[in-house]
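What the coordinates show
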Amino acid sequence: MAFKPANNIQDVQHFGEFGGVNPSISDSSTYTFMSAKTMFDTFEGNTDGCYLYSRHASPSNLNLSEALAAMEGTETANVYASGMGAITSTILQHCKAGEHIVSSRTIYGGTYAFLKNFTPKFNIETTFVDITKVDRVEAAITPNTKIIYCESVSNPLLEIADIKNLAKLAKKHNLQLVVDNTFSPLSISPAKLGADVVIHSLTKFINGSSDTVAGVVCGTQDFINQLRDVNNGAAMLLGATMDSMRSASVLKNMRTLHIRMEQHSKNALYLAEKFEANGLKTVYPGLASHPSHKLYKSIMNSQYGFGGMLTIDVGSLDKANALMELMQHKNLGYLAVSLGFYKTLFSSPGSSTSSEIPEAEQKEMGMSNGLIRFSVGLDADINRTYQTMNECMLELHIL
Ligand SMILES: *Cc1c(COP(=O)(O)O)cnc(C)c1O
């Protein structure tokens, strides 16, 4: 089967209201009708091209959704006010009381907390497994299982999901494979590998400006229609709707994603190779030492590289904190959570983004106190960055 290239963004064409090269921003929450009959039909979802109310749909949100669906190669998409809005809507749309989820145990802290603490209130239970072992995933499936949930590249441990084989497993047991692709846009195309639903926190690489939170669900027309159903849809009824001003802004930023991803990946590979050569415990999917390096290579869209995320282990939380403070002081990046910014961002997952995960469970997953997660920036001179980082590490006796 011949797939289109991952980056179909260039094929998206919009004409603004007055012929502008950017589509006009739909700055309205509500829309007028020339006839009352059309209004009723629009509420019922029977009229194409008519809008009723911007929580249901807005021209700007549809434009952004269309571009994201083109990127992921899905029939369509629906944008949200945050990545968590996209994730929680998808899970609650798919599952009802008494049903069950098999999830990777290394996932974003917020998603973990939702599955561990929140959905049990609705009698939806989750079994957390090592997602890199497909047989363990299968062993956790029960007659009530509805979803297999994972991240293509996991947060923060950078484990790689074998999406093709997980998709086969999902088909065999009649389950939905839901993949959060936030860490690896363009680099991995989960839908093309068989995932049913692809989610992104647009907050990260796709928007790339660290100026908003936003999210998207990419999937079939049928599933997106279910999410947006006025009587029964989680997107519609939970109301995590993106604002049109923001979707217009994300759409403009997204157009340079392919160039940014190449640079993030190039810089991250450079640092990872140097760190590893210096004897630091380094995790990056582009290193031959990564347990899933071969798997990543076999599923990736190679021109975008192995992504911008890497981790190192400097031995203790104190050392990690000292190094991050010093690197910020030397203007190498920011001591901040999140990812996908032009500057390098570094944080200590155990005490920040993954703090929702209890310490004992963090240990079991292989998360250590000295772990530093880097979202490597777009630095034009990455060697200079490396040299200065090296000086910081020598100064703190990390090397
Ligand atoms: C940030 C993040 C989320 C949550 O997205 P928000 O936009 O902050 O709601 C979900 N998954 C992953 C992998 C993330 O990094």
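Being a predicted model, the structure only gives us computed values, none of them experimental.

Describing the site of the ligand
Residues in contact with the ligand amount to 13 residues; listed here are only the nearest, Met 84, Asp 180, Ser 201, Thr 203 and Lys 204. One nitrogen or oxygen atom from the side chain of Thr 203 is found 2.6 Å from an oxygen atom belonging to the ligand. If the ligand stood free it would expose 380 Å²; the protein chains cover 93% of that surface. Counting residues per element, the shell around the ligand draws most heavily on helix H3 (residues 83–94), at three residues.

Side note on the domain arrangement of the chain
Parsing the chain into structural domains produces domain 1 (5–254) and domain 2 (258–395). Taking only C-alpha atoms into account, the centre of domain 1 sits 27 Å from that of domain 2. At the junction of the two partners, domain 1 supplies 36 residues and domain 2 supplies 39 residues. Between domain 1 and domain 2, roughly 3,100 Å² of surface is buried when both sides are summed, and carbon and sulfur atoms account for 62% of that area.

Observations regarding the sheet that holds strand E6 (residues 197–201)
Strand order in the open sheet formed by seven strands is E1-E7-E6-E5-E4-E2-E3, with mixed pairing between adjacent strands. Two strands close off the open sheet at either side, each with one partner strand: strand E1 (76–80) and strand E3 (125–129). On average, adjacent strands in this sheet sit at an angle of 20° to one another, irrespective of strand direction. One ladder, built from three bridges, connects strand E5 (residues 176–180) with E6; its direction is parallel.

Focus: the side chain of Ser 154
With respect to the helices and strands, Ser 154 occurs in the loop between strand E4 (145–151) and helix H6 (163–172). Take Ser 154: its relative accessible area is 1%, and that puts it in the buried class. Of note is the side chain of Ser 154, whose polar atom sits 3.1 Å from the side chain of Thr 106.

As for the packing of helix H12 (residues 317–329) against helix H14 (residues 382–395)
Running from N to C, H12 and H14 point in directions that differ by 140°, and their axes come no closer than 10 Å. Accordingly, the angle class assigned to the pair H12 and H14 is oblique. In this structure, the crossing between H12 and H14 has a hand that is right-handed. Across from Leu 323, Leu 326 and Met 327 in H12, the residues of H14 making contact are Met 389, Cys 392, Met 393 and Glu 395. Here the residues of the contact of H12 with H14 are counted per class, giving six nonpolar, no polar and one charged.

Brief notes about unusual backbone geometry
Residue Asn 155 is joined to Pro 156 through a cis peptide bond whose omega torsion reads -5°. You can see Pro 156 is positioned in the loop between E4 and H6. At Leu 186, a position not held by glycine, the phi torsion is positive, near 70°. Mapped onto the elements of the fold, Leu 186 is located in the loop between E5 and E6. In this structure Leu 186 comes out as buried when scored by relative accessible area, which is 1%. Residues other than glycine seldom take positive phi values, yet Ser 338 does so here, at roughly 75°. Along the chain, the position of Ser 338 falls in the loop between strand E10 (334–335) and strand E11 (345–347).

Criteria and cut-off values
Residues numbered from 1 in each chain as written. Predicted model: local features only at pLDDT ≥ 70, side-chain atom pairs only at ≥ 80, totals over all residues. Heavy atoms only, no water. Near = heavy atom within 4 Å. Polar contact = N/O pair within 3.5 Å; in protein donor to acceptor, adjacent residues only side chain to side chain. Areas by Shrake-Rupley, 256 points an atom, 1.4 Å probe, with all protein chains shown as cover. Helix = DSSP H or I, 4+ residues; strand = E, 2+ residues; numbered from the N terminus. Domains from an automatic or database assignment. Contact = heavy atoms within 4.5 Å. Buried area = accessible area lost by both parts, 1.4 Å probe. Pairing = 2+ DSSP bridges. Axes fitted to C-alpha atoms, helices over the stretch in contact; angles between N-to-C directions. Buried < 20%, exposed > 50% of the residue type's maximum accessible area, 1.4 Å probe, protein only. Parallel < 35°, antiparallel > 145°, perpendicular 65-115°, else oblique. Left-handed = near helix turned anticlockwise from the far one by under 90°. Nonpolar A, V, L, I, M, F, W, Y, C, P; charged D, E, K, R; others polar.

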